[in-house]
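Coordinate analysis (summary)
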Amino acid sequence: MQDAKELAPLILQTAVFFSLSMLIFRAASRGKTNWDECVSWPTATGRILRSEVRRDNGFWAKIFYEYTVNNKRYISTNVYLGASAGGYFSSAREKANKIVAKYNSGEVKVTYNPQKPQLSFLERAEKCNSPNQLRWFGIFLLLYSIAIGYLTYTEFSRNTGL
């Protein structure tokens, strides 16, 4: 017969996964706001400063560009909206080389956040850091935590007669 002490790890696991799923939903909701709002963000003409491929557990296409908003100069490496490290990462050198070739020199259209002009990007990729991917992962964790919670409850009820 199991007692509450034996079920404690399952209860803790349920609480942890439920909490994680809520944090992921919150992050996805915040990302969704930026994702939806960025369609109407203004653009500025920018200039490529440097483009290179760096190797670090894969290949990083680092595109350094500058742009000016309200007479203030900004420098960024964000190719895509939501790219936390800037640049573009790929396990294939060819993909990184393709981005570098595309943004090798010259002028570019830079989309920037009007409230935070330092937040900018060159392309809005539909697959890159999509909030929907986070949401689905959050749903999986939520369902997992509910299943573990239900199994814990039924096992405890059966063994204690409650």
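Figured I'd write up the structure that's included with this text. Here the structure is a predicted model, which means the values were calculated and not measured. (Residues numbered from 1 in each chain as written. Predicted model: local features only at pLDDT ≥ 70, side-chain atom pairs only at ≥ 80, totals over all residues. Heavy atoms only, no water.)

**Notes on the overall build of the protein chain**
What the protein chain contains, in helices and strands, is three helices and six strands. Taking all 162 residues of the protein chain together, 36% fall into the buried category. Total accessible area on the protein chain is roughly 10,400 Å²; 56% of this is exposed by carbon and sulfur atoms. (Helix = DSSP H or I, 4+ residues; strand = E, 2+ residues; numbered from the N terminus. Buried < 20%, exposed > 50% of the residue type's maximum accessible area, 1.4 Å probe, protein only. Areas by Shrake-Rupley, 256 points an atom, 1.4 Å probe, with all protein chains shown as cover.)

**Let's talk about the packing of aromatic side chains**
Counted by the stated rule, this structure contains four aromatic pairs. Note on tryptophan 41 and phenylalanine 121: the rings are 6.0 Å apart at their centroids and 50° apart in plane angle, and the pair reads as tilted. Residue tryptophan 41 is found in the loop between α1 (4-37) and β1 (43-55), and its partner phenylalanine 121 is found in strand β6 (residues 120-121); the two are separated by 80 residues along the sequence. Plain terms: the ring middles of tyrosine 67 and tyrosine 112 are 6.4 Å apart, the flat faces sit at 25° to each other, and that makes the pair stacked. Here the residue tyrosine 67 occupies a position in strand β2 (residues 59-69), and tyrosine 112 occupies one in strand β5 (residues 107-112), the gap between them amounting to 45 residues. In this pair, the class of tyrosine 67 matches that of tyrosine 112, namely buried. Within the aromatic cluster, the residues linked to one another by ring pairs are Tyr65, Tyr67, Tyr74 and Tyr112. (Phe/Tyr/Trp six-rings, centres within 6.5 Å; stacked < 30°, edge-to-face > 60°.)

**Comments concerning the side chain of threonine 111**
With respect to the helices and strands, threonine 111 occurs in strand β5. With near-sequence residues (within four places) excluded, threonine 111 lies in contact with Cys38, Trp41, Pro42, Thr43, Leu119, Ser120 and Phe121. (Contact = heavy atoms within 4.5 Å.)

**Considerations on the nonpolar core**
Ranked by internal contacts, the top residues of the largest apolar core, which has 19 residues, are Ile63, Tyr65, Tyr67, Tyr103 and Leu122. Taken together, the elements giving at least two residues each to this core come down to β1, β2, α2 (93-102) and β5. Sorting elements by how many residues they give to this core places β2 first, with six residues. (Core = buried A, V, L, I, M, F, W, Y, C linked by side-chain atoms within 4.5 Å.)

**Some words on the pairing of β2**
Most of β2 sits out of view: nine of its 11 residues are buried. As paired strands, β1 and β2 are joined by nine bridges and run antiparallel to one another. Paired with arginine 54 across the two strands is tryptophan 60, which belongs to β2. Hairpin geometry of β1 and β2 is characterised by an intervening segment of three residues between the two adjacent antiparallel strands and by a positive phi of about 55° at asparagine 57. (Pairing = 2+ DSSP bridges.)

**Digging into α2**
Within the span of α2, buried status applies to Ala96, Ile99 and Val100. Buried positions in α2, seen along its axis, are confined to an arc of 100° and lie on one side of it. Facing away from the buried surface of α2 by more than 90 degrees, the exposed residues are Glu94, Lys98, Ala101 and Lys102. (Arc of directions from axis to C-beta.)

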